[in-house]
Structure formats: structure tokens, C-alpha cells
Amino acid sequence: MSATETMILPENLPSKGGPAQALLTVKNLRKYFPVRGGILGRTRAMVQAVDGVSFSVKKGETLGIVGESGCGKSTTARLLIGLTEKDDGEIIFDGQGLGDALTLRDLRRGVQMVFQDSYASLNPRLTIEESIAFGARVQGLDDPIGRAHGLMARVGLDPARFAQRYPHEVSGGQRQRINIARALAMSPRLVILDEAVSALDKSVEAQVLNLLADLREEFGLTYIFISHDLNVVRYISDRILVMYLGEVVEVGPVDAIWSQQAHPYTRSLFSAMPSMDPDNRTKTPPLSGDPPNPINPPSGCRFHTRCRFADIVCKARAPQLLELPGAPGHFAACHLHDLGSGHPKAGKESLG
Ligand code: SF4
């Protein structure tokens, strides 16, 4: 074990249970945002940003979360670290429920986040050294500056060259390395990467992805990786979770979803991926129409207004997230996969 690793490893948040225990479990997470109007600023409606989301993340794995803009993936991330207050639901981290044995301060120490905008994430008045050391200093961790220098070296930034620089004096890729180092300075167990490589050039993106993969192995980290880029998600993730209009519609091992998407929405996301093969160009739009208004989402299955398999039962009843027969760990919320749903094509339709 290197000196840097010894220093960074989360000695202040000991792991509970074995590796099989989920590090994070989320049950029925819900967040509605009020839309206010009029002179008195009364609540006119509620935007259903996250509605009954449940999932878990095992220790050491990377869960990729995908979906269109506005599907609730970033709101879910903010709820997980308490940047946005949840309306309902449970967050259980390393066996302890938030609000019971686990305080928000503990959670923010164990879960760190890296955002897309590397510049806005940093205080422009702090040197890089101070930015990385700040959180560790606030939490009272030992030797925050030594920690910062060790982490800078680990993410590929020479402390002798970069420690006294300011965020505007480095490139976007270097700033994102600073943000990663800053997250690690808090000795997290779980790191949430919210479109963390989306704003980078492709060559820099590949370097940062490889760095993240190395850090995960080296420090035994667990990641939630949010992105709209399915190829990037495939590269780094063990499992993929697909969200649509505030709900989870499919979740499963990355290879299983890559080879056979079970939900029509996931299928259309994959169909929309650009292809380098001129014989394999997308000729018709894989998904018609805009996402429905989250203030007044469609009844039953929220995807029924855009789904080519929609039947009357889809409008009447919301599908449950069910494990697919013969596909352990692969779940989809679609009446096509529920033999008791009453959908005329249940169990018969192959999306592939
Ligand atoms: Fe389409 Fe119905 Fe399945 Fe929803 S439940 S995805 S509308 S087939």
C-alpha cells in the first residue's frame, strides 16, 4: 500500500458488513419541486422530478445512470448527498439510514460528488492546493495540505507546478482532475460523477476515464456514473440504470442491457446512438415527440405517449419493475414482460 493510499483510505468511516452488502440503498426516493406564480407566489403545480426511485449499489461497483435531459438523474444525485432535500423515501448508506444512525454530515463525508462544470465547482479565489485541502480541513482530517499534495500527484498534477495556481490558470481536463482529487480528499467510499467527463475533449475524456477506473481499483471506491453518453457508460460501468420522467424503467448488468434492451425506451436510446458504419445509419427517428411535461405526467406507464407498443393497459396501469425470466439482476418496468399484465403482446414481443 502506497503512502498516498494509506493517507487517503477512509479510516474514519469504517466499512460495515462484507463486500456483498450494498453500500447504498435507495427506497422510494421522491422529490417534487413547486412551481410558484401570481403576486403571492402561491404553489401552482408540482414538477415530479423524482418519483419513487429505488436501487442499490454494491461495494466496489460502478452503476451508470442514463436517460434524457430532465429524466431526474441529476436530481437523484443531489438528493443522495443532501444538496436537495428529499420529500420522501429512504437513503441507507453502509447499513445505516439517513436520519437514524447516519447524519447528513456523515453522509457528505462518505459520499462525494464531481460535477460537469469543472470551473463553477471550484472557488476562483482559492489556490488549487487550498481547494483540495478545504473539505478535509473543515472535517478536521489530519494534514490537509499533505493530503492535497499526495492526491494532486495521484491524479497527475505535479504539486510543485500546480499547488499555487488558481482554477483559471489550468485547462478543463486539469480542473476536472482537481475536482476528483478534492472529492478523494474527504476519504469517500462512494463518488457520484454527474456528467463529469461530458465537457472534456475526447482525448482528455479517455485519460480521465482511465484515471477514474484506476482510482476505483486502488482505493476500493464505488461509483455512480451519470452520463448521456452510452459508450462512456458502457466503458466504466458494471450495471446500467435507465430513468424516464423521474422513474426507473430498466436496470441490469451492462452486458445484458447492451445485448438485449428490455424496455422500449432503452431500446430507443440505444437506437439513437450515432454509428460510424455508413450502412448502419439511423434513417428514422428512434423516438418521436418530446418528453411529456413532468408537471402532469401521463397516466399508467409514463412512456405510453411515445411507445409503439402502447396498449390500453399501458394507459391504465403503471408497470412494476420486475426481474426478467432467465436474466438474473435484469429488471424492466414494462407490461410486455409481465405475463399477468393483460397486454396482448406480453411475453411474445421481442424488442431486439
Ligand atoms: Fe410501452 Fe406499455 Fe411497456 Fe410502457 S408498459 S413501455 S407503453 S409497452
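**Some remarks on the overall build of the protein chain**
- In terms of regular secondary structure, the protein chain is built from 12 helices and 12 strands.
- Split into buried and exposed, the 352 residues of the protein chain put 49% on the buried side.
- Here the contacts in the protein chain between residues at least 6 apart in sequence split such that 66% fall between residues at least 24 apart.
- Roughly 16,500 Å² of accessible area belongs to the protein chain as shown, and the carbon and sulfur atoms make up 51% of that amount.

**Here we look at the layout of surface pockets**
- Considered as a void within the structure, the largest pocket measures approximately 550 Å³ in volume.
- Lining the largest pocket are 28 residues, with Gly52, Ser54, Val248, Leu321 and Ala333 positioned closest to its centre.
- Secondary-structure elements contributing two or more residues to the lining of the largest pocket are strand 2 (42-58), strand 9 (239-244) and strand 10 (247-253).
- Tallied by class, residues from the lining of the largest pocket come to 16 nonpolar, 7 polar and 5 charged.
- Residue assignment places the lining of the largest pocket across two domains, with domain 1 (3-237) and domain 2 (241-337) each supplying three or more.
- If you add up the space inside the second largest pocket, you get close to 460 Å³.
- The wall of the second largest pocket is formed by 17 residues, among which Arg108, Gln112, Gly135, Arg182 and Met186 lie closest to the centre.
- The set of elements that each furnish at least two residues to the lining of the second largest pocket consists of strand 6 (111-114), helix 4 (128-138) and helix 7 (172-184).
- Looking at the lining of the second largest pocket, the element that brings in the most residues is helix 4, giving 4 residues.
- Of the residues assigned to the lining of the second largest pocket, the class counts are 10 nonpolar, 5 polar and 2 charged.

**Re the packing of helix 7 against helix 8 (residues 202-219)**
- Two elements in contact, helix 7 and helix 8, have axes whose closest approach is 10 Å; the angle formed by their N-to-C orientations is 15°. Overall, the two elements helix 7 and helix 8 adopt an arrangement that is roughly parallel. As for how helix 7 packs across helix 8, the hand of that crossing is right-handed. Of the residues in helix 8, those in contact with Gly173, Arg177, Ile180 and Leu184 of helix 7 are Val204, Gln207, Val208, Leu211, Leu212, Leu215 and Phe219.

**Observations concerning the sheet that holds strand 5 (residues 96-97)**
- If you trace the 4 strands from one edge of the open sheet to the other, you get 2-1-4-5, paired in antiparallel fashion. Every other strand in the sheet has two partners, leaving strand 2 and strand 5 as the edge strands with one partner each.
- Taken together, the 2 bridges between strand 4 (residues 88-93) and strand 5 define a ladder with antiparallel strand orientation. Among the inter-strand pairings, Ile92 is bridged to a residue of strand 5, identified as Gly97.

**Notes on helix 8**
- Taking 1.5 Å per residue as the helical rise, helix 8 with its 18 residues ought to reach 26 Å, and the 26 Å between its terminal C-alpha atoms agrees with that figure.
- Just downstream of helix 8 lies Gly220, where phi reads positive at about 60°.

**Comments concerning the nonpolar core**
- In this structure, Ile180, Leu212, Leu215 and Phe225 are the most contacted members of the largest nonpolar core, which totals 58 residues.
- The dominant element in this core, judged by the number of residues it contributes, is helix 8, at 6 residues.
- Here this core spans two domains, since at least three of its residues come from each of domain 1 (3-237) and domain 2 (241-337).
- If sequence neighbours within four positions are ignored, Leu212 has contacts with Ile180, Leu193, Val197, Tyr223, Phe225 and Ile236.
- Core analysis: the next-biggest nonpolar cluster, separate from the first, contains 29 residues, Val50, Val57, Leu102 and Leu107 among them.

**Some details on the site of the ligand**
- Close to the ligand lie 13 residues; Cys301, Cys307, Cys314, Cys334 and His335 are nearest.
- Because more than half of its atoms lie within 2 Å of the grid, the ligand is assigned to the largest cavity.
- Classifying every residue of the shell around the ligand gives 9 nonpolar, 4 polar and no charged.

**Some points on helix 4**
- Of all the residues in helix 4, the buried ones are Ile128, Glu129, Ser131, Ile132, Ala133, Gly135 and Ala136.
- As for helix 4, its buried residues are in contact with helix 5 (144-154), helix 6 (159-162) and helix 7.
- Downstream of helix 4 by a residue or two, Gly140 has a phi angle that is positive, lying close to 75°.

**As for the packing of aromatic side chains**
- Across all of its chains, the model carries 4 aromatic pairs by this definition.
- Arranged with centres 4.6 Å apart and planes meeting at 55°, the rings of Tyr244 and Tyr265 form a pair that is tilted. Of this pair, Tyr244 sits in strand 9 while Tyr265 sits in helix 11 (residues 264-271), and the two are 21 residues apart along the sequence. The exposure classification of Tyr244 matches that of Tyr265, with both residues buried.
- Considering the side-chain rings of Tyr244 and Phe303, the 5.0 Å spacing of their centres and the 85° angle between planes classify their relative orientation as edge-to-face. Taken as a pair, Tyr244 in strand 9 and Phe303 in the loop between helix 11 and helix 12 (312-316) lie far apart in primary sequence, 59 residues in all.
- The ring of Phe162 is capped by Arg165, whose NZ or CZ atom sits 4.5 Å from the centre of that ring.

The rules behind each value
Residues numbered from 1 in each chain as written. Predicted model: local features only at pLDDT ≥ 70, side-chain atom pairs only at ≥ 80, totals over all residues. Heavy atoms only, no water. Helix = DSSP H or I, 4+ residues; strand = E, 2+ residues; numbered from the N terminus. Buried < 20%, exposed > 50% of the residue type's maximum accessible area, 1.4 Å probe, protein only. Contact = heavy atoms within 4.5 Å. Areas by Shrake-Rupley, 256 points an atom, 1.4 Å probe, with all protein chains shown as cover. 1 Å grid on protein atoms, 1.4 Å probe; cavity = no way out; pocket = protein on both sides within 12 Å on 5 of 7 lines; lining within 4 Å. Points joined across faces, edges and corners; volume = space filled by probe spheres on them. Nonpolar A, V, L, I, M, F, W, Y, C, P; charged D, E, K, R; others polar. Domains from an automatic or database assignment. Axes fitted to C-alpha atoms, helices over the stretch in contact; angles between N-to-C directions. Parallel < 35°, antiparallel > 145°, perpendicular 65-115°, else oblique. Left-handed = near helix turned anticlockwise from the far one by under 90°. Pairing = 2+ DSSP bridges. Expected span 1.5 Å × (residues − 1). Core = buried A, V, L, I, M, F, W, Y, C linked by side-chain atoms within 4.5 Å. Near = heavy atom within 4 Å. Sits in = over half its atoms within 2 Å of the grid points. Phe/Tyr/Trp six-rings, centres within 6.5 Å; stacked < 30°, edge-to-face > 60°. Lys NZ or Arg CZ within 6 Å of the ring centre and 35° of its normal.

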